Amino acid sequence: MLELKDIRTCYGNIMALKDVTLSVPAGEIVALIGANGAGKTTTLMSISGIVPPRSGEILFLGQPIQTLGPDEIVSLGISQVPEGRRIFPKLTVAENLDMGAFLRSDQAGIKSDLDYIYGLFPILAQRRYQQGGTLSGGEQQMLAIARALMARPRLLLLDEPSLGLAPLFVKLILTMIRKISDEQGTTILLVEQNANMALKIAHRGYVMENGRIAFSGTARSLLNNESVKSAYLGI
Ligand code: ATP
């Protein structure tokens, strides 16, 4: 579904991505793991057009998208859930979800997706008239994912959904991500520092180091790779 070929992305003189090549097959969860500053967020920002690459090619369903703007990329079916959730704090839960469906006009589809989301995250249904900013961190993360799903994306980009959450919520959120993939067939590129949990729910993974891909393979092979184990899994 998505292919990055030799992507270079810079912030001024700093080259954050150095010839990154990766692919995300349709229907899979691909985990992108690595230390702070490795370039994971920049990879997502390049895909979504917020920080366009300086060179290389990004193909989405075979179409080059590296020169498109973020609005055009969203309209093709790519939704990003940014690090730190970035929900609309003054809007209610229901209004946040409405914003996710901003580009859609299929009222019946919107209604059935809303029903699905409220079934998946019952706490959001209970709090639908509450302001987003008053939710707990874990609930805000659910809302951020739910808002992205309301766009009915083909590809969901998730940036550190477990960041700052209590261990119980980390497990819940990652289990829900796997459930969404299994039930909706949504293709997911998941950036995580919690490498262990991410690789447990993913089909395959890439490990980034200093702006490059250092290892890649099936999630199982990475979980068993001695270098990955000692550097990222604390084993
Ligand atoms: P983290 O887990 O800490 O978010 P990351 O793997 O997502 O790390 P990036 O945020 O992509 O890493 O950062 C990659 C490199 O680019 C780092 O050296 C970082 O300092 C630099 N960088 C990121 N954003 C900017 C920016 N807006 N301006 C300048 N340099 C930046």
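A brief report on the enclosed structure follows. Predicted, not measured: the structure shown is a model, and the values here were computed from it. (Residues numbered from 1 in each chain as written. Predicted model: local features only at pLDDT ≥ 70, side-chain atom pairs only at ≥ 80, totals over all residues. Heavy atoms only, no water.)

A few points about the nonpolar core
Leu97, Phe121, Leu124, Leu158, Ile177 and Leu190 are the most contacted members of the largest nonpolar core, which totals 46 residues. The next biggest cluster of nonpolar side chains, apart from the first, holds 23 residues, and it includes Leu2, Leu32, Phe60 and Ile78. (Core = buried A, V, L, I, M, F, W, Y, C linked by side-chain atoms within 4.5 Å. Buried < 20%, exposed > 50% of the residue type's maximum accessible area, 1.4 Å probe, protein only.)

Regarding the sheet that holds strand 9 (residues 204-209)
Pairing is mixed in the open sheet, where 6 strands are placed in the order 6-7-8-3-9-10. Lying at the two open borders of the sheet, with one neighbouring strand each, are strand 6 (78-81) and strand 10 (212-218). Taking each pair of neighbouring strands and ignoring which way they run, the sheet shows an average axis angle of 15°. Across 6 bridges, the pairing between strand 9 and strand 10 is antiparallel. (Pairing = 2+ DSSP bridges. Helix = DSSP H or I, 4+ residues; strand = E, 2+ residues; numbered from the N terminus. Axes fitted to C-alpha atoms, helices over the stretch in contact; angles between N-to-C directions.)

A closer look at the side chain of Gln140
Looking at where Gln140 falls in the secondary structure, it is placed in helix 6 (residues 137-149). Reaching out from Gln140, the side chain makes a polar contact with the backbone oxygen of Gly132 at a distance of 3.5 Å. Beyond its immediate sequence surroundings of up to four residues, Gln140 is in contact with Arg85, Ile87, Gly132, Gly133 and Leu135. (Polar contact = N/O pair within 3.5 Å; in protein donor to acceptor, adjacent residues only side chain to side chain. Contact = heavy atoms within 4.5 Å.)

Topic: the pattern of salt bridges
One pass over the structure, following the stated rule, counts 10 salt bridges. The closest approach of N and O atoms between Arg8 and Asp19, which form a salt bridge, is 3.0 Å. Taken as a pair, Arg8 in strand 1 (residues 2-11) and Asp19 in strand 2 (residues 14-24) lie far apart in primary sequence, 11 residues in all. For Asp19, a relative accessible area of 32% corresponds to the partly exposed category. Lys111 is the salt-bridge partner of Asp115, the closest N and O atoms lying 2.9 Å from each other. Taken as a pair, Asp115 and Lys111 lie in helix 4 (residues 107-120) at a separation of 4 residues, close to a single helical turn. Classification of Asp115 as partly exposed rests on a relative accessible area of 44%. On the accessibility criterion, Lys111 (49% relative accessible area) is partly exposed. Linked by salt bridges that have partners in common, Arg104, Asp106, Asp113 and Arg152 make up one network. (Salt bridge = Lys/Arg side-chain N within 4 Å of Asp/Glu carboxyl O.)

Worth remembering: the numbers are spatial, not functional.
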